[in-house]
Amino acid sequence: MDLPKRVITEAPNGSAKPAVLPAWWKEIQDAAWIDYERLPMPSRKDERWRFSDLSKVALNGCTAGVPVAAPALADLQGYFSSGEAPSLLFANDALLFSRGLSPEAREKGVVFAPLLEAATKEADLLQSHLFQERVGLGAEKLESLHRACATAGAALYVPAGVELAEPVDLSFWMTEAHAATFPHILVILQENARARVHLRFSSTNPRGGFACSVQELFVGPGASLDLLTHRNWAEGVCSFDLASIRLSRDASATTFQLNQGGSYTRTESRSRLLGPGARSVMLSATLARGRQEFDQRSFQEHVAPDTKSDLLYKSALYDASRTIFAGMIDVDPAAQRTDAYQSNRNLILSHDAEANSLPGLEILANDVRCTHGSTVGQVDPEELFYCLQRGIPLAAAQRLFVLGFLTDVFARLEDGKIKSALTEELEASLR
Amino acid sequence: MSLQICDLHARIVERPILRGISLEIRAGETHAIMGPNGSGKSTLAKVLSGHPDYEVTQGSVSLDGVPLLDREPDERARMGLFLAFQYPCEIPGVSIANFLRAAAQARLPEGESLSVTEFYQKLYHEMDALGMQRQFSSRSLNAGFSGGEKKRAEVLQLAMLRPRYGILDETDSGLDIDALKVVANGVNRLRGPEVGFLIITHYQRLLDYITPDFVHVMVAGRIVQSGGPELALELERRGYGSLEERYGSPNLSPLAETGV
Ligand SMILES: Nc1ncnc2c1ncn2[C@@H]1O[C@H](COP(=O)(O)OP(=O)(O)O)[C@@H](O)[C@H]1O
Ligand SMILES: [Mg+2]
């Protein structure tokens with residue numbers, strides 16, 4: 001992997017408006033850069049990079065702060081205009097469009113702002129949360145690179161007892177093959193707060209780019225967060241998305257990701273169940289095609305007693321695509337009565353596709369219920385014959401199976417509108 | 001216009017099952033095939049529809065004059081061949097409606113897309129006729145269905161896809177008398193001068209409700225007797241025992257025995 005130094009030097013200056021960072025943030029950046037340089041490159045010898053195709057992990061000469069050209073700007077305007085939800089749209093790390101919170105939400109003290117703005121207006125809040133979490137499931141070097149470069153992104157803060165009625169939309173785009181982007185998502189929910197976040201990563205250009213995003217999600221006592229990530233980078237994009245979610249007592253979170261596109265996509269997802277009664281549902285549906293690789297690592301960290309985690313990752317693999325799932329359920333000695341579940345299912349549609357599944361458990365408490373399972377299978381030949389006998393050609397039959405297989409994950413979501421929107425989107429991309 | 005089967009031999013994993021089947025089903029006719037378990041009835045149905053496990057070693061089949069055996073199963077289906085399976089498999093995650101939409105879409109010319117409104121009108125019309133609740137169409141195909149529900153879903157598909165030739169493999173098995181009547185009625189509604197049916201059944205019971213034009217008896221991979229509807233009643237009285245004794249050995253030629 002080759003990560004040239006110019007990324008960092010160009011990051012603050014390359015964009016139209018140079019980022020002015022508070023001193024504490026500058027310090028974090030500088031320290032992160034040192035970490036980045038010091039940390040070793042990912043290596044296949046490292047268990048946490050087992051099966052990863054490291055030849056695909058590359059910056060490919062991408063730089064931050066690439067200007068957004070007029071046609072892409074017009075396209076993005078089109079993507080942005082629909083809907084009323086509070087939204088921020090970034091491209092190549094520049095904030096292009098925004099729509100604020102409703103007056104009611106603002107009155108209740110909710111904050112939803114670009115990071116740079118929040119860093120001045122909500123300095124204390126940001127200073128005490130931003131870059132405080134480490135995901136640390138292998139991509140530490142990339143995480144440091146992110147810290148050294150990230151200026152784009154958003155902070156969402158919901159005060160105690162406030163329920164944010166509408167979901168907030170955050171989208172991060174790349175418009176050029178040589179663009180790099182380092183989005184940061186910071187969510188802080190105070191006691192009994194509720195919020196829904198829709199996150200989208202996508203490209204307007206047909207190929208190329210580098211993305212390294214980090215999500216820091218703080219879910220306070222009794223609070224509830226739904227976070228939906230739709231990832232659909234252009235062909236050839238190398239991307240990392242590293243997420244850590246801290247759950248306090250009786251907090252609950254449902255994270256869902258729909259993964260498509262890109263060349264190499266690594267997701268690291270850590271759920272930290274820190275307070276009794278905390279609950280985390282981790283869902284992922286991946287459609288892998290061409291030579292795409294999806295490298296997903298997860299960590300269900302049960303620290304407190306009476307916590308529950310439930311992970312379901314499903315992947316459908318076409319062509320010569322590859323997937324890696326490496327999951328770990330980790331139960332501390334104190335985390336009695338943990339209820340943890342981990343399931344990874346892969347549907348292989350081509351002889352050249354390859355799914356690697358590494359489920360794992362490490363249990364140090366004695367009164368727990370932990371189950372994990374993984375399957376790698378093909379379409380059942382009798383089911384296929386049944387479809388063919390009805391005149392459905394092979395490709396269309398496979399589409400039906402893939403849809404059925406992946407929408408099974410959508411079924412776990414509560415919001416009916418989201419479910420049908422996701423199904424439609426998946427249908428469209430399979431057409 | 002016919003589905004014509006000539007001297008069909010087929011085997012599975014080196015084991016010959018069909019040993020010279022000849023049969024012509026003309027449009028407008030309904031044929032019944034009866035026979036003891038294991039005689040090869042389902043094998044015939046699967047060989048006709050192109051199941052990959054079976055190997056045809058001899059003979060030919062044509063559908064309205066077009067050779068069938070070198071076609072893929074989905075092509076055969078689009079040419080107008082439909083098989084209601086003896087054991088319909090479960091397809092979790094694929095709703096009946098979406099499945100049938102894909103099947104209907106596959107029958108349209110390239111570039112044309114299905115009218116969803118018309119599709120649902122037709123679907124609900126056929127479901128009403130079969131006494132099926134409309135919500136049933138959003139259930140995963142056959143997943144967790146009772147035996148009767150599966151058979152009903154087969155007949156619904158038959159009614160939606162309107163084949164030229166329909167093969168029903170023991171569609172009566174596992175049905176109570178009321179369900180049997182509904183299913184038989186569903187099939188009878190589809191009969192007409194343009195459509196041929198091959199009804200495979202172990203028991204005569206179904207033939208009380210779907211009166212066939214011809215009845216054939218299959219034993220050990222061959223048709224050993226053919227006749228009119230009265231043959232079914234006769235078999236019901238006599239059982240298959242004596243026929244099996246007579247024709248059961250794979251080494252005997254039934255044609256020589258019957259002097260045809
Ligand atoms: N998949 C298979 N593998 C091996 N033998 C089979 C298979 N399917 C059917 N057979 C055999 O072929 C013969 C005919 O079976 P089948 O066509 O199902 O009979 P029927 O429908 O008349 O009861 C039986 O002896 C059965 O054991
Ligand atoms: Mg049978």
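Residues numbered from 1 in each chain as written. Chains lettered and ligands numbered in written order. Predicted model: local features only at pLDDT ≥ 70, side-chain atom pairs only at ≥ 80, totals over all residues. Heavy atoms only, no water.

The next thing to look at is the overall build of chain B. Scanning chain B from terminus to terminus reveals 9 helices and 10 strands. Considering only C-alpha atoms, chain B reaches an extent of 60 × 40 × 35 Å along its principal axes. Of all 260 residues assigned to chain B, the portion counted as buried reaches 50%. If you take every contact in chain B between residues at least 6 apart in sequence, the share linking residues at least 24 apart comes to 68%. Carbon and sulfur atoms provide 48% of the accessible area of chain B, an area that totals close to 11,500 Å². For chain B, the distance from the average position of its 27 positive side-chain charges to the average position of its 33 negative side-chain charges is 2 Å. (Helix = DSSP H or I, 4+ residues; strand = E, 2+ residues; numbered from the N terminus. Buried < 20%, exposed > 50% of the residue type's maximum accessible area, 1.4 Å probe, protein only. Contact = heavy atoms within 4.5 Å. Areas by Shrake-Rupley, 256 points an atom, 1.4 Å probe, with all protein chains shown as cover. Lys, Arg positive; Asp, Glu negative; His and termini not counted. Charge placed at Lys NZ, Arg CZ, Asp CG, Glu CD.)

The next subject is the interface of chain B and chain A. Across the contact, 32 residues belong to chain B and 15 residues belong to chain A. Note on chain B versus chain A: buried area summed over both sides is about 1,800 Å², and carbon and sulfur give 67% of it. For the pair chain B and chain A, the number of links is 1 salt bridge. B:Glu154 serves as the salt-bridge partner of A:Arg390, at 2.7 Å between the closest nitrogen and oxygen. For the pair chain B and chain A, the interface holds 11 residue pairs in polar contact (both at pLDDT 80 or more). Of all the secondary structure elements, the ones that give two or more residues to the side of chain B that touches chain A are helix 2 (73-79), strand 6 (81-84), helix 3 (96-106) and helix 5 (147-161) of chain B. (Buried area = accessible area lost by both parts, 1.4 Å probe. Salt bridge = Lys/Arg side-chain N within 4 Å of Asp/Glu carboxyl O. Polar contact = N/O pair within 3.5 Å; in protein donor to acceptor, adjacent residues only side chain to side chain.)

What follows is about the domain arrangement of chain A. Residues and elements named next belong to chain A. What the domain assignment lists for chain A is domain 1 (23-274) and domain 2 (379-431). Taken together, the contact pairs 9 residues of domain 1 with 9 residues of domain 2. In total, domain 1 and domain 2 occlude about 740 Å² of area from one another, counting both sides; carbon and sulfur atoms represent 72% of this. A salt bridge links Arg200 to Glu425, with the shortest nitrogen-to-oxygen separation between them at 3.2 Å. Along the contact surface separating domain 1 from domain 2 lie 4 residue pairs in polar contact (both at pLDDT 80 or more). For the side of domain 1 that touches domain 2, the secondary structure elements donating two or more residues are strand 8 (194-203), strand 10 (224-233) and strand 12 (252-261). Of the residues assigned to the side of domain 1 that touches domain 2, the class counts are 3 nonpolar, 4 polar and 2 charged. (Domains from an automatic or database assignment. Nonpolar A, V, L, I, M, F, W, Y, C, P; charged D, E, K, R; others polar.)

This paragraph deals with the environment of A:Ser213. Residue and element names in this part refer to chain A. Take Ser213: it is sitting in strand 9 (residues 210-219). Overall, Ser213 belongs to the buried group, its relative accessible area being 3%. In sequence terms Ser213 and Thr267 are 54 residues apart; their C-alpha atoms lie 9.6 Å from each other. Aside from chain neighbours lying at most four places away, what touches Ser213 is His146, Pro183, Phe201, Phe240, Asp241 and Leu242.

This brings us to the confidence of the model for chain A. Reading predicted coordinates in detail is not appropriate for stretches of low pLDDT. The predicted model of chain A averages 93 in pLDDT, with 96% of residues at 70 or higher. Segment residues 1-16 of chain A: pLDDT under 50, and 34 contacts once partners within four positions in sequence are set aside and those in other chains are kept. (pLDDT = per-residue confidence, 0-100.)

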